[in-house]
Amino acid sequence: MKNLYVRSLTSLLCISAIARSLAAQTPEPAAEPKQFIYVLHLVPRLYDDKAWTAEDKAAVDRHLANFKAAVQSGQLILAGRTRESGDKTFGVAIFEAADEAAAQKFMQADPAIAAGVMTAELHPFAVVLQRKNP
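Caption draft 1: Summary view of the overall build of the chain. Helices and strands together make up the secondary structure of the chain, namely four helices and four strands. For the chain, the succession of helices and strands along the chain, N to C, is α-β-α-β-β-α-α-β. Considering the chain as a whole, with its 134 residues, one finds that 26% of them fall into the buried category. Carbon and sulfur atoms make up 60% of the accessible area of the chain, which totals about 9,900 Å².

In structure tokens, the structure reads:
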């Protein structure tokens, strides 16, 4: 009887050790990307349409190309701007990133921000409802 108890206990300990070993080897599932929004504002010198230089316009062209690439890769969920002029206008970009540091990096790499044409504020965000595209 004692032998049976020792064998059972030994088997149980082996099974437990194997289970722990397998659990340690199983990769954790990748964390779901988090959503962020950044709000863009023109720098005050560009409130007047006549103040725009060729370099400013080129930076905005690169900004839009960057957004198009981010849409294609699936990172950018939505981007747009208001139709107001001057200091009333602003834009938004809703996107996914692994964490806040990656989101900050994505925002700072925006060509319009890097060129000093726009400023931006980053916020954690959650899309709650979204219309399906036809």
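Caption draft 2: The arrangement of the side chain of H63 in detail. Along the chain, H63 falls in helix α2 (residues 54–73). Relative accessible area serves as the criterion here: at 6%, H63 is assigned to the buried category.

Caption draft 3: Just the sheet that holds strand β2 (residues 76–81), in detail. Ordered by their spatial adjacency, four strands build an open sheet running β2-β3-β1-β4, and the pairing between neighbours is antiparallel. Of all strands in the sheet, those bounded by a partner on one side alone are β2 and β4 (118–125). Averaged over neighbouring strand pairs, the angle between their axes works out to 20° when direction is ignored. Relative to β4, strand β1 (residues 34–42) runs antiparallel, the two sharing eight bridges. Across the sheet, V39 pairs through a bridge with E121, a residue of β4. Where α2 meets the sheet, its contacts fall on β1, β2, β3 (91–97) and β4, and the angle it forms with β2 comes to roughly 150°. Across the face of the sheet, helix α3 (residues 100–108) comes into contact with β1, β3 and β4 while running at roughly 155° to β4.

Caption draft 4: Broad picture of the environment of F36. Within the secondary structure layout, F36 lies in strand β1. Sequence spacing of F36 and E100 is 64 residues, and the spatial spacing of their C-alpha atoms is 8.1 Å.

Caption draft 5: Up close: the nonpolar core. One finds Y38, F95, V117, M118 and L122 to be the most contacted residues of the largest nonpolar core, which totals 22 residues. For this core, the secondary-structure elements that each account for two or more residues are β1, α2, β3, α3, α4 (111–114) and β4. Leaving out residues up to four positions away in the same chain, V117 has contacts with H41, L42, V43, L46, W52, D56, A59, V60 and A112.

Caption draft 6: Representation of the pattern of salt bridges. All told, the structure shown has one salt bridge when counted by the stated rule. Between R45 and D56 there is a salt bridge, and its shortest N-O distance comes to 2.8 Å. Taken together, the residues span a long stretch of sequence, with R45 in the loop between β1 and α2 and D56 in helix α2 at a distance of 11 residues. Residue class for R45 comes out partly exposed when judged on its relative accessible area of 45%.

Caption draft 7: Spotlight on the pairing of β1. For β1, the tally of buried residues reaches seven of nine residues, placing the bulk of the element in the interior. Relative to β3, β1 runs antiparallel, the two sharing seven bridges. By the bridge assignment, V39 is partnered in β3 with V92.

Caption draft 8: Looking closely at the environment of R62. The residue R62 is located in helix α2 in this model. The contact partners of R62, leaving out residues within four places of it in the chain, are P111 and A115.

Caption draft 9: Here's a closer look at the side chain of T89. Within the element layout of this structure, T89 appears in the loop between β2 and β3. Polar contacts involving the side chain of T89 include one to the side chain of T82, which spans 3.1 Å. One polar contact links the side chain of T89 to the main-chain carbonyl oxygen of E84, over a distance of 3.3 Å. Contacts of T89, omitting those with residues within four sequence positions, involve H41, L42, R81, T82 and E84.

Analysis parameters
- Residues numbered from 1 in each chain as written.
- Predicted model: local features only at pLDDT ≥ 70, side-chain atom pairs only at ≥ 80, totals over all residues.
- Heavy atoms only, no water.
- Helix = DSSP H or I, 4+ residues; strand = E, 2+ residues; numbered from the N terminus.
- Buried < 20%, exposed > 50% of the residue type's maximum accessible area, 1.4 Å probe, protein only.
- Areas by Shrake-Rupley, 256 points an atom, 1.4 Å probe, with all protein chains shown as cover.
- Pairing = 2+ DSSP bridges.
- Axes fitted to C-alpha atoms, helices over the stretch in contact; angles between N-to-C directions.
- Contact = heavy atoms within 4.5 Å.
- Core = buried A, V, L, I, M, F, W, Y, C linked by side-chain atoms within 4.5 Å.
- Salt bridge = Lys/Arg side-chain N within 4 Å of Asp/Glu carboxyl O.
- Polar contact = N/O pair within 3.5 Å; in protein donor to acceptor, adjacent residues only side chain to side chain.

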